[in-house]
Amino acid sequence: MKKTGPSCMLIKNADVYAPEHLGEQDILIANGGIVSMGKNLSTASFDEDALQVLDCQGAVVAPGFIDAHVHVLGGGGGAGYGSRALELRPSEAFLAGTTTIIGCLGVDTVTRNVMQLVAKSRSSRERHLTVYCVDGGLDFPIHTLTGSLRQDMFLVPEIIGVGEPAISDKRSSQVTTEEIAKLAADVHVAGRLSGKRGFVQFHLGDQPSGMQPLFDILSAVDIKHVIPLHCNRNHQVLEESPAWAAKGGVIDITVPLFPPAYKLGTSVPDAIGYYKAQGVNMGQVTISSDGNGVSTLFGKDYIHRFPMSLLYNDVKLLVERGTDIAEAVSYVTANVADAYDLASKGRLEPGKDADLLVIDRAGFTLRHCVAGGHLVVENGQACPPPYGIDS
């Protein structure tokens, strides 16, 4: 029987970075997944009238980006009512090359909650954007859906961990080492019960304690369940983070945290260069955008929203500065999938989700984006969203 359906697609003449460079191949997609890859693939089992063909003409094809820290409900609120951002539109993510997101709460856990986060995840998935979500927020105790982290992770497929309780920050709940250790231990067990990795993303602030609270709990917890965010926000945490990686931990750097807005921060390319000089295993480094978050640290006169495009722009900047495409792409694809155990994401190979980008070599500009086997960006323009709305 011939297979039909809107998500049957043949990607032809692609210079594939999976993210490792595989050279020119075709990619056959059906039912939202990659069926096969290779040269001159046969499509005899498909209805040719229902098969969408994209001829890449030698353009770069890479996995869709995974952004592991996004305020999908809108960040901000930390400088009053007028500092609240709007909800993320799926098209914003697609136009930035992002096909998978881990959505979180931030400083505002009063007007935004975990139920809204789960609803946003499910709404986005109906529009082909994969959104996972996390319990939590900047404050402590963490915010949950059912009153129990273990129950949330066990019962709700979209909830895969905790993010982003703050440490070393004046906006934090000033949690103790014991409280941090108990949370990390709880998410570990929650992950085992639900068949998920289970992790806590900790927001790092600018207080002198830096990453020390996280180092202090390592005798009691497994480091793979603890992921520090914003490791480039100041010189102290930047210099402390290689020791975290040396112990086997993942370190995440955040795109917008660099001068002049963040005087003590380090840009992504410079942070990558620093880690290489320190001998860090670069497979343990990830990059996230803090997308749709809002900078409120400098008061009402300096409020701005972090666009999703920042992540793509920094990958592009890495390539422009001489980083191999495979390496640059790995920080936002395979490395992230490994860090969070997203088994179907982050790589181009049969059996994985059909999330991919077609990128023109000239200017490293995004030509097409495919999410879950659906063409969502064509020739640099967002395709009309399903069901007539984009929210």
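Above: the structure in question.
Everything in this summary refers to the structure shown in the same document. (Residues numbered from 1 in each chain as written. Predicted model: local features only at pLDDT ≥ 70, side-chain atom pairs only at ≥ 80, totals over all residues. Heavy atoms only, no water.)

Interaxial distance between helix H7 (residues 268-277) and helix H8 (residues 309-320) falls to 9 Å at its minimum, and their mutual angle equals 55 degrees. Classed by the angle they form, the pair H7 and H8 counts as oblique. Contacts between H7 and H8 involve Val268, Pro269 and Ile272 from the former and Asp314, Leu317 and Leu318 from the latter. Each residue belonging to the contact of H7 with H8 can be placed in one class, and the counts come to 5 nonpolar, no polar and 1 charged. (Axes fitted to C-alpha atoms, helices over the stretch in contact; angles between N-to-C directions. Helix = DSSP H or I, 4+ residues; strand = E, 2+ residues; numbered from the N terminus. Parallel < 35°, antiparallel > 145°, perpendicular 65-115°, else oblique. Contact = heavy atoms within 4.5 Å. Nonpolar A, V, L, I, M, F, W, Y, C, P; charged D, E, K, R; others polar.)

What follows deals with the sheet that holds strand E8 (residues 130-135). Adjacent strands of a sheet form backbone hydrogen bonds with each other and so pair up, either parallel or antiparallel. Ordered by their spatial adjacency, 6 strands build an open sheet running E6-E7-E8-E9-E10-E11, and the pairing between neighbours is parallel. The outermost strands of the open sheet, each flanked by one partner alone, are strand E6 (65-70) and strand E11 (226-229). The sheet shows a mean angle of 30 degrees between the axes of neighbouring strands, direction not considered. With 4 bridges joining them, strand E9 (residues 159-167) and strand E10 (residues 200-204) adopt parallel strand pairing. Residue pairing for E10: Gly163 is matched across the bridge by Gln201. The strands touched by helix H2 (residues 114-126) within the sheet are strand E7 (98-103), E8 and E9, with E8 carrying the most contacts at an inclination of about 170 degrees. (Pairing = 2+ DSSP bridges.)

With 9 of its 9 residues buried, E9 lies for the most part within the structure. On the question of chirality, the crossover connecting E9 to the parallel E10 by way of helix H4 (residues 177-194) is right-handed. (Buried < 20%, exposed > 50% of the residue type's maximum accessible area, 1.4 Å probe, protein only. Right-handed = clockwise from strand over helix to strand, strands pointing away.)

What follows covers the pattern of salt bridges. This structure, assessed with the given rule, holds 14 salt bridges. The salt bridge involving Arg361 is made with Asp15; its shortest N-O contact spans 2.1 Å. You can see Arg361 sitting in the loop between strand E16 (356-360) and strand E17 (365-371) and its partner Asp15 sitting in strand E1 (residues 9-17), a full 346 residues away along the chain. We classify Arg361 as partly exposed; its relative accessible area is 45%. In this structure Asp15 comes out as buried when scored by relative accessible area, which is 10%. Residue Lys120 is joined to Glu87 by a salt bridge in which the shortest nitrogen-to-oxygen separation is 3.2 Å. Separated by 33 residues along the polypeptide, Lys120 in helix H2 and Glu87 in the loop between E6 and helix H1 (90-95) bring together distant segments of the chain. (Salt bridge = Lys/Arg side-chain N within 4 Å of Asp/Glu carboxyl O.)

The next point concerns helix H6 (residues 235-246). When H6 is considered as a whole, its buried residues turn out to be Val237, Leu238, Ser241, Pro242, Trp244 and Ala245. One side of H6 holds all its buried residues, which, seen down the axis, span an arc of 155 degrees. Facing away from the buried surface of H6 by more than 90 degrees, the exposed residues are Glu239 and Ala246. Residues of H6 that are buried in the fold lie against E10, helix H5 (212-215), E11, strand E12 (251-254) and H7. Sitting at the head of H6, Asn234 places a side-chain oxygen 3.1 Å from the backbone nitrogen of Gln236. Just downstream of H6 lies Gly248, where phi reads positive at about 105 degrees. (Arc of directions from axis to C-beta. Polar contact = N/O pair within 3.5 Å; in protein donor to acceptor, adjacent residues only side chain to side chain.)

Quick look at the packing of aromatic side chains now. Applying the stated criterion across every chain yields a total of 5 aromatic pairs. Between Phe215 and Trp244, the aromatic rings sit 5.4 Å apart at their centres with planes inclined by 80 degrees, giving edge-to-face as the arrangement. Linking Phe215 in helix H5 with Trp244 in helix H6, this pair joins segments that are 29 residues apart in sequence. Taken individually, Phe215 and Trp244 each receive the classification buried, so the pair is uniform in this respect. Here a set of aromatic residues connected by ring pairs shows up, and it is made of Phe65, Tyr312 and Phe364. Taking the ring centre of Tyr132 as reference, the NZ or CZ of Arg125 above it sits at 4.9 Å. (Phe/Tyr/Trp six-rings, centres within 6.5 Å; stacked < 30°, edge-to-face > 60°. Lys NZ or Arg CZ within 6 Å of the ring centre and 35° of its normal.)

The biggest cluster of nonpolar side chains holds 79 residues, and the ones touching the most others in it are Ile101, Trp244, Ile253, Tyr275, Val285 and Ile287. Leave out the neighbours within four places in its chain, and Tyr275 touches Cys231, Leu238, Ser241, Pro242, Ile251, Ile253, Val280, Met282 and Val285. Counting 19 residues, the second-largest nonpolar core is a separate cluster that includes Ile27, Ile29, Ile34 and Ala354. (Core = buried A, V, L, I, M, F, W, Y, C linked by side-chain atoms within 4.5 Å.)

This part is about H7. Among all positions in H7, only Val268, Pro269, Ala271, Ile272 and Tyr275 are buried. Burial along H7 is one-sided: seen end-on, the buried residues are contained in an arc of 160 degrees. Of the surrounding elements, those touching the buried residues of H7 are H6, E12, strand E13 (285-288), H8 and helix H9 (325-330). Positive phi appears at Gly279, one or two residues downstream of H7, with a value of about 80 degrees.

Along the chain, the position of Val285 falls in strand E13. Distance in space between the C-alpha atoms of Val285 and Ser330 is 9.1 Å, their sequence separation being 45 residues.

Together, Phe154, Leu155 and Leu193 give the surface a local cluster of nonpolar side chains, amounting to about 350 Å² of exposed area. Structurally, Leu155 can be placed in helix H3 (residues 149-155). Owing to a relative accessible area of 57%, Leu155 belongs among the exposed residues under this scheme. (Patch = residues over 30% accessible without salt bridge, like charges linked within 9 Å, V, L, I, M, F, W, Y side chains within 5 Å. Areas by Shrake-Rupley, 256 points an atom, 1.4 Å probe, with all protein chains shown as cover.)

Let us look at the pairing of E6. Of all the 6 residues making up E6, 6 are buried; the element is thus mostly covered by neighbouring parts of the structure. Two strands pair when backbone bridges link them, and E6 and E7 are joined in this way by 4 bridges, in the parallel orientation. Residue Ile66 lies in a different strand from E7, and its bridge partner there is Thr100.

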